[in-house]
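Reading the structure
One letter stands for each residue in the lines below.
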Amino acid sequence: PRSFKLSYYNEYKSYLRMFRLALRQLVNRYVSVRSMSEVSVQTIEDKLRGALSVSHLEVEDISGGCGAMFQIEIKASDFKGLTTIKQHKLVKTILKDEIQQMHGLTLRTKSS
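Because the structure is predicted, anything quoted here is derived from the model rather than measured.

1. Brief notes about the sheet that holds strand S3 (residues 104-111)
What the 3 strands build is an open sheet, ordered S1-S2-S3; its pairing is mixed. Of all the strands in the sheet, the pair left with one neighbour each is strand S1 (54-61) and S3. Neighbouring strand axes in the sheet, compared pairwise and without regard to direction, differ in orientation by 10° on average. Pairing of S1 with strand S2 (residues 69-76), which is carried by 7 bridges, proceeds in the antiparallel orientation. Across the sheet, the residue bridging to Glu58 is Glu73, located in S2. Against the sheet, helix H2 (residues 41-51) contacts S1 and S2, and its axis sits at roughly 160° relative to S1. Relative to S3, helix H3 (residues 84-94) is tilted by about 120°, and along the sheet it contacts S2 and S3.

So this is what it looks like as structure tokens:
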């Protein structure tokens, strides 16, 4: 009887410890996801317009508004004479800090 209650108490403490750990992991994951949402369409547009001679720019958050995935269509005179790969590298270099916070990016580049 007494050892039976003690057994349940120890089991309860063990489950409580596991629950606290799982809760802590969920909170940490939520906080890291929240910090990723600092990337915005406006931030991306401002950086690209500031660094390139843009004639056309469309930036769309395709993640549903959380800032994790973006689609960018850009036409700039800076791309003249560059291959598509070099155009994409140039854009990715400009958006280096923002890309680190994203899960995905779709680029369409053209020279004007």
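2. Overview of a nonpolar patch on the surface
Residues Leu6, Tyr9 and Tyr12 make up a contiguous nonpolar surface patch of about 350 Å² in total accessible area. Mapping Tyr12 onto the fold places it in helix H1 (residues 2-36).

3. Some words on the environment of Val41
Tracing the sequence through the fold places Val41 in helix H2. The contacts of Val41, once residues within four sequence positions are left out, are Val59, Asp61 and Phe70.

4. Digging into a positive patch on the surface
On the surface, Lys13, Arg17, Arg20 and Arg24 cluster together into a patch of positive charge. Locating Arg24 in the fold gives a position in helix H1.

5. Notes on the nonpolar core
Among the nonpolar cores identified, the biggest contains 17 residues, and Ile44, Leu48, Leu52, Ile72 and Ile74 are the most heavily contacted of them. Elements with a contribution of two residues or more to this core: H2, S1, S2 and H3. Ranked by residues supplied to this core, first place goes to S2 with 4 residues.

6. Re the pattern of salt bridges
Under the criterion given, the structure shown has 2 salt bridges. Between Lys47 and Glu98 there is a salt bridge, with its nearest N and O atoms 3.3 Å apart. Within this pair, whereas Lys47 is found in helix H2, its partner Glu98 is found in helix H4 (residues 96-99), the two being separated by 51 residues in sequence. Using a relative accessible area of 29% as the deciding quantity, one classes Lys47 as partly exposed. The class of Glu98 is buried, set by a relative accessible area of 9%. In this structure, the salt-bridge partner of Arg108 is Glu73, at a minimum N-O distance of 3.0 Å. One end of the pair, Arg108, is in strand S3; the other, Glu73, is in strand S2, and 35 residues separate them in sequence.

Calculation rules
Residues numbered from 1 in each chain as written. Predicted model: local features only at pLDDT ≥ 70, side-chain atom pairs only at ≥ 80, totals over all residues. Heavy atoms only, no water. Pairing = 2+ DSSP bridges. Helix = DSSP H or I, 4+ residues; strand = E, 2+ residues; numbered from the N terminus. Axes fitted to C-alpha atoms, helices over the stretch in contact; angles between N-to-C directions. Contact = heavy atoms within 4.5 Å. Patch = residues over 30% accessible without salt bridge, like charges linked within 9 Å, V, L, I, M, F, W, Y side chains within 5 Å. Areas by Shrake-Rupley, 256 points an atom, 1.4 Å probe, with all protein chains shown as cover. Salt bridge = Lys/Arg side-chain N within 4 Å of Asp/Glu carboxyl O. Lys, Arg positive; Asp, Glu negative; His and termini not counted. Charge placed at Lys NZ, Arg CZ, Asp CG, Glu CD. Core = buried A, V, L, I, M, F, W, Y, C linked by side-chain atoms within 4.5 Å. Buried < 20%, exposed > 50% of the residue type's maximum accessible area, 1.4 Å probe, protein only.

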